[in-house]
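Coordinate analysis (summary)
For reference, the chains in residue letters:
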Amino acid sequence: MNPNDTDNQNTNPQAETANGADNQAAAETQADPVAVLEAEKADLKDKLLRLMADMENLRRRTEREIADARAYGVANFARDMLNVADNVRRAIESVPEDAKAAAEGAFKGLIEGIDLTERDLLNTLERHGVKKLEPQGQKFDPNVHQAMFEVPNPDVPNGTVVQVVQSGFVIGDRVLRPALVGVAKGGPKAPANGETADNPSSAS
């Protein structure tokens, strides 16, 4: 027997085993086309849903920014116009009440003209979302009021605004300028919501 024949007999089974393993690996690596398409479909669907969610968030954010721009776009201009409103109010308050009552002729017309100017100015600001605060007699609210001093007054609930130094303004739901106020102290405790303050004079 030829020694080479023995070698061939010994090596052939090993080669066949290696070839079988290679074929099995190749078969395993060859994925099912349907499974591949299903995976791609799921991936595309996931990407589409994410894109739709991003677009919806962008739409909502854009709508909110547009609404804010409409509501608060005039904030800087309105804040500057508050100085004009303050000066008009000072001009009105500089005339004593008795002088207003006795005013005649051109002077009376001047006073009425200044009053009309203030009303028109405030109405114009309000048309653009800017409203004047009227805190007199209200409970002090740190969100829209700024306390400048306290006034001893036992006749009103503690923390009531009893004097307005400078008017405040809001634009939409934002404070454009807080009202500068004087707050009462020494009176009864301010009532909570839905409660009525006790009147000390009615106590026996």
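Residues numbered from 1 in each chain as written. Predicted model: local features only at pLDDT ≥ 70, side-chain atom pairs only at ≥ 80, totals over all residues. Heavy atoms only, no water.

Counting its secondary structure elements, the protein chain contains five helices and six strands. Helices and strands appear in the protein chain in the N-to-C order α-α-α-α-α-β-β-β-β-β-β. The contacts in the protein chain between residues at least 6 apart in sequence include a share of 65% that link residues at least 24 apart. On the protein chain, roughly 15100 Å² of surface is accessible, and the fraction owed to carbon and sulfur atoms is 53%. (Helix = DSSP H or I, 4+ residues; strand = E, 2+ residues; numbered from the N terminus. Contact = heavy atoms within 4.5 Å. Areas by Shrake-Rupley, 256 points an atom, 1.4 Å probe, with all protein chains shown as cover.)

Our next topic: helix 5 (residues 105-127). Compared with the 33 Å implied by 1.5 Å per residue over 23 residues, the 33 Å span of helix 5 between its first and last C-alpha is a close match. For helix 5, every residue scored as buried is listed here: Ile 111, Glu 118, Leu 121 and Leu 125. Tucked inside the fold, the buried residues of helix 5 contact helix 3 (75-93), helix 4 (97-102) and strand 1 (130-132). (Expected span 1.5 Å × (residues − 1). Buried < 20%, exposed > 50% of the residue type's maximum accessible area, 1.4 Å probe, protein only.)

Glancing now at the layout of surface pockets. Size it by volume and the largest pocket reaches roughly 390 Å³. Breaking the lining of the largest pocket down by element, the ones donating at least two residues are helix 3, helix 5 and strand 3 (161-166). Looking at which element gives the most residues to the lining of the largest pocket, the answer is helix 3, with five residues. Of the residues that constitute the lining of the largest pocket, the class distribution is seven nonpolar, three polar and seven charged. Of the domains in this structure, domain 1 (36-128) and domain 2 (131-189) are the two that each give at least three residues to the lining of the largest pocket. (1 Å grid on protein atoms, 1.4 Å probe; cavity = no way out; pocket = protein on both sides within 12 Å on 5 of 7 lines; lining within 4 Å. Points joined across faces, edges and corners; volume = space filled by probe spheres on them. Nonpolar A, V, L, I, M, F, W, Y, C, P; charged D, E, K, R; others polar. Domains from an automatic or database assignment.)

Here the focus is the UniProt feature "coiled-coil region" (unreviewed entry) in the protein chain. UniProt records the feature "coiled-coil region" (unreviewed entry) at residues 34-72, using the numbering of this structure. When the span residues 34-72 is considered, its composition is 100% helix and 0% strand, and the gap between its end C-alpha atoms is 56 Å. (UniProt positions renumbered as here; feature names shortened; annotations may be inferred.)

Within a sheet, adjacent strands bond to each other through the backbone by hydrogen bonds, running parallel or antiparallel. Taken together, three strands build an open sheet; the order of strands is 1-4-5 and the sheet is antiparallel. Two strands close off the open sheet at either side, each with one partner strand: strand 1 and strand 5 (174-177). Within the sheet, the average angular offset between the axes of one strand and its neighbour, ignoring direction, is 35 degrees. This element, helix 3, spans strand 1, strand 4 (169-171) and strand 5 of the sheet and lies at about 45 degrees to strand 5. (Pairing = 2+ DSSP bridges. Axes fitted to C-alpha atoms, helices over the stretch in contact; angles between N-to-C directions.)

If you look at the biggest cluster of nonpolar residues, it comprises 12 residues: Tyr 72, Ala 75, Ala 78, Met 81, Leu 82, Ala 85, Leu 121, Leu 125, Val 130, Phe 169, Ile 171 and Leu 176. Of all the secondary structure elements, the ones that give two or more residues to this core are helix 3, helix 5 and strand 4. A domain-level breakdown of this core finds at least three residues from each of domain 1 (36-128) and domain 2 (131-189). (Core = buried A, V, L, I, M, F, W, Y, C linked by side-chain atoms within 4.5 Å.)

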